[in-house]
Amino acid sequence: MDILVVGTGYVGLVTGTCMAEMGHKVICIDINKRKIDDLKQGKVPIFEPGLEEMLRRNQAAKRLHFSTDYDEALARSFVCFITVDTPISAEGTANLSQLDAALETIAEKMVEKKIIVLKSTVPVGTAEHAKKLISNILESRGVEIPFEVISNPEFLKEGNAINDCLKPDRVVIGVESEEALEIMREIYAPFMISRERLIIMDIKSAEITKYAANMMLALRISFMNELSEYCEKMDANIDKVRLGIGSDHRIGYHFLYAGVGFGGSCLPKDIKAFKAHAEHNEIPVDIVSAIDAANERQKRKMFKKIKDYFSDLLGLKGKTFAILGLSFKPDTDDMREAPSLTLIDDLKKSGAFCRLFDPVASAKAKELLEPSPLIYFAESEEDAAKGADAIVLITEWKQFRFLDFEKIIPSMKGRAFFDGRNQQNPEKITQLGMDYISIGKKTFFSNQPLLGISHK
Ligand SMILES: NC(=O)c1ccc[n+]([C@@H]2O[C@H](COP(=O)([O-])OP(=O)(O)OC[C@H]3O[C@@H](n4cnc5c(N)ncnc54)[C@H](O)[C@@H]3O)[C@@H](O)[C@H]2O)c1
């Protein structure tokens, strides 16, 4: 099948590359010329495990092309997947301006039948809106060109996107005509060799399914975060509670980790957009509102713990913190809505120094954080810890599970480990002579000397 992917971001690049990997002929376009120039050279602008290698392979096989030229792209394709961003507007609604711009350009330039597939996350009714928008433009051009709009929301997870795309749990398709459904079946057939994963429904239900999935995931996280505070106060352990409830197959273990709050490009914005849409339609959404409010509170929780800990130690001004992990989750460089940003902002406002380290997201973080004498980008975990009063683990990169404390601790000034993802063993940390503060557990104070080095 000849496929066009509009927007070469996290979703578009992975979708286009995986479609090419499955043998389709794919052209990906973007309005960002620099991005496309890089992609033509095989340079991938995002960190996504396995993507660059697969992209280059398919480029070399001439199944995957990049362009900024809609005319060329439309001439080479029949099915257009739209994967532009749908960020949150200042009013808290889904901002569809990128989507509208993409649809307008397609409608202005198309000369023959097209199938338009909405992969971006969009509020219910957007496919309907897209149809009207395209029809109006075709009418004003005085042409009659058949087209169809399909909803095919994306469920990939950054960091595991290639695997999610090649072996999806499910492919949701909201479609009106049998003909369009057959085309989607053909496109996805190579992804369904081991078992059928297509879930076919009406367009509106497909649009809602995406929001419902993200809200359910966010709900589980916020629930555990709320419970974590209760566990702390009751001197219980949230990790044990997770095991206790997750063993019930009706509940399961996934997405039940307490932490520093969820971030990223999807959960926070999708919850806000859904809430705004429901409220606009005068539909009560108390649970959804609570997920959002609980998460905003949770994002400030680690700062509060740090502030409380240092209140007996002359406060935060002039203290130094080694922040381990900046991206909103491991295996991605995506910094959108990352909880690290909230913490860094709070620490800076308190006059504390932040020594930041992330295995891949530092470059993206540099673009977002204003240069400041209070911020230093470290080369390694050890470099971040130099002169630090505390280590604060924010993103659970695997490499942080086995920190080289023998190298780290001697260069530190203080003796506190704040574990925002409950990755470390409290007993092990306290044996090293550090106090251990995490989420949903009591604070473990150490009475051991710090690796044999006495601290004042
Ligand atoms: N990132 C994820 O993990 C994920 C997962 C599932 C769904 N989604 C949804 O997919 C959509 C895209 O997300 P993303 O993270 O890939 O966004 P992104 O910002 O990484 O990428 C969007 C790309 O679209 C390009 N673009 C904007 N307007 C354009 C136009 N008129 N023509 C051509 N290109 C244009 C931008 O330059 C950018 O490269 C969003 O609706 C998001 O909610 C994202």
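Residues numbered from 1 in each chain as written. Predicted model: local features only at pLDDT ≥ 70, side-chain atom pairs only at ≥ 80, totals over all residues. Heavy atoms only, no water.

J.: Mind showing me how you'd approach the site of the ligand here?
T.: Surveying the vicinity of the ligand reveals 26 residues, the closest of which are Asp30, Lys35, Tyr70, Thr86 and Lys269. In this structure, Asp30 approaches the ligand through a side-chain N or O atom, which is 2.6 Å from an oxygen atom. Taking 840 Å² as the accessible area of the ligand by itself, protein coverage stands at 92%. Put simply, the parts of the chain that give the shell around the ligand at least two residues each are α1 (10–21) and α5 (97–109). Class assignment for the residues of the shell around the ligand results in 9 nonpolar, 9 polar and 8 charged. Counting the residues that make up the shell around the ligand, at least three belong to each of domain 1 (2–201) and domain 2 (210–298). (Near = heavy atom within 4 Å. Polar contact = N/O pair within 3.5 Å; in protein donor to acceptor, adjacent residues only side chain to side chain. Areas by Shrake-Rupley, 256 points an atom, 1.4 Å probe, with all protein chains shown as cover. Helix = DSSP H or I, 4+ residues; strand = E, 2+ residues; numbered from the N terminus. Nonpolar A, V, L, I, M, F, W, Y, C, P; charged D, E, K, R; others polar. Domains from an automatic or database assignment.)

J.: Is there a simple way to explain the domain arrangement of the protein chain in this structure?
T.: Interface size, as often reported, equals the accessible area lost upon joining of the parts. Segmenting the protein chain into domains produces domain 1 (2–201), domain 2 (210–298) and domain 3 (300–437). One C-alpha centre belongs to domain 2, the other to domain 3, and the line joining them spans 24 Å. Every contact between the two is made by 18 residues of domain 2 and, on the other side, 14 residues of domain 3. Here domain 2 and domain 3 share an interface that buries about 1,200 Å² over both sides, 47% of which is from carbon and sulfur atoms. Among the elements of the structure, α9 (203–233), α10 (238–246) and α12 (286–299) are those that each provide at least two residues to the side of domain 2 that touches domain 3. Ranked by the residues each element gives to the side of domain 2 that touches domain 3, the list is headed by α9, at 4 residues. When the residues that make up the side of domain 2 that touches domain 3 are grouped by side-chain class, the tally is 5 nonpolar, 8 polar and 5 charged. (Contact = heavy atoms within 4.5 Å. Buried area = accessible area lost by both parts, 1.4 Å probe.)

J.: Where do I start with the pairing of strand β8 (residues 198–201) in this structure?
T.: Regular strands show a simple pattern: their side chains alternate between the two faces of the sheet. As paired elements, strand β7 (residues 171–174) and β8 share 4 bridges and run parallel to each other. Residue pairing in the sheet places Val172 in a bridge with Ile199 of β8. Of the crossover connections in this fold, the one passing from β7 over helix α8 (residues 178–188) to the parallel β8 is right-handed. (Pairing = 2+ DSSP bridges. Right-handed = clockwise from strand over helix to strand, strands pointing away.)

J.: How should the UniProt feature "domain: UDP-glucose/GDP-mannose dehydrogenase C-terminal" (unreviewed entry) in the protein chain be read in this particular structure?
T.: UniProt annotation of "domain: UDP-glucose/GDP-mannose dehydrogenase C-terminal" (unreviewed entry) refers to residues 322–426 when read in the numbering used here. Secondary structure over residues 322–426 splits into 27% helix and 18% strand, and the C-alpha atoms at its two ends are 18 Å apart. (UniProt positions renumbered as here; feature names shortened; annotations may be inferred.)

J.: Hey, could you run me through the packing of α9 against α12 in this one?
T.: Any two packed helices are characterised by the angle at which their axes cross and by the distance between the axes. Where α9 meets α12, the axes come as close as 9 Å, and the angle between the chain directions of the two elements is 55°. For the element pair α9 / α12, the angle class is oblique. The crossing of α9 and α12 is left-handed. Touching Met215, Ala218, Leu219, Ser222, Asn225, Glu226 and Ser228 of α9 are Ile287, Val288, Ile291, Ala294, Asn295, Arg297 and Gln298, all from α12. Per-class residue counts for the contact of α9 with α12 are 7 nonpolar, 5 polar and 2 charged. (Axes fitted to C-alpha atoms, helices over the stretch in contact; angles between N-to-C directions. Parallel < 35°, antiparallel > 145°, perpendicular 65-115°, else oblique. Left-handed = near helix turned anticlockwise from the far one by under 90°.)

J.: Is there a simple way to explain the packing of aromatic side chains in this structure?
T.: How two aromatic rings sit relative to each other is given by the distance of their centres and the angle of their planes. For the coordinates displayed, the defined rule picks out 11 aromatic pairs. The interplanar angle of 25° and the centroid separation of 6.2 Å between the aromatic rings of Phe417 and Tyr436 together place this pair among those described as stacked. Of this pair, Phe417 sits in strand β13 (residues 416–419) while Tyr436 sits in strand β14 (residues 435–437), and the two are 19 residues apart along the sequence. Assigned by exposure class, Phe417 and Tyr436 land together as buried. Taken together, the ring pairs in this structure connect Tyr309, Phe310, Phe321 and Phe418 into an aromatic cluster. Sitting over the face of the ring of Phe155, Arg170 holds its NZ or CZ atom 3.7 Å from the ring centroid. (Phe/Tyr/Trp six-rings, centres within 6.5 Å; stacked < 30°, edge-to-face > 60°. Buried < 20%, exposed > 50% of the residue type's maximum accessible area, 1.4 Å probe, protein only. Lys NZ or Arg CZ within 6 Å of the ring centre and 35° of its normal.)

J.: Could you clarify how one ought to interpret the sheet that holds strand β9 (residues 320–324) in this entry?
T.: To summarise the sheet geometry, strands pair through backbone hydrogen bonds and adopt either a parallel or an antiparallel arrangement. An order of β11-β10-β9-β12-β13-β14 is seen for the 6 strands of this open sheet, with the pairing classed as parallel. Of all the strands in the sheet, the pair left with one neighbour each is β11 (375–377) and β14. Across this sheet, the average inter-strand angle for adjacent strands is 20°, counted without regard to direction. Running over the sheet, helix α13 (residues 301–310) touches β9, β12 (390–393), β13 and β14 and is turned about 160° from β13.

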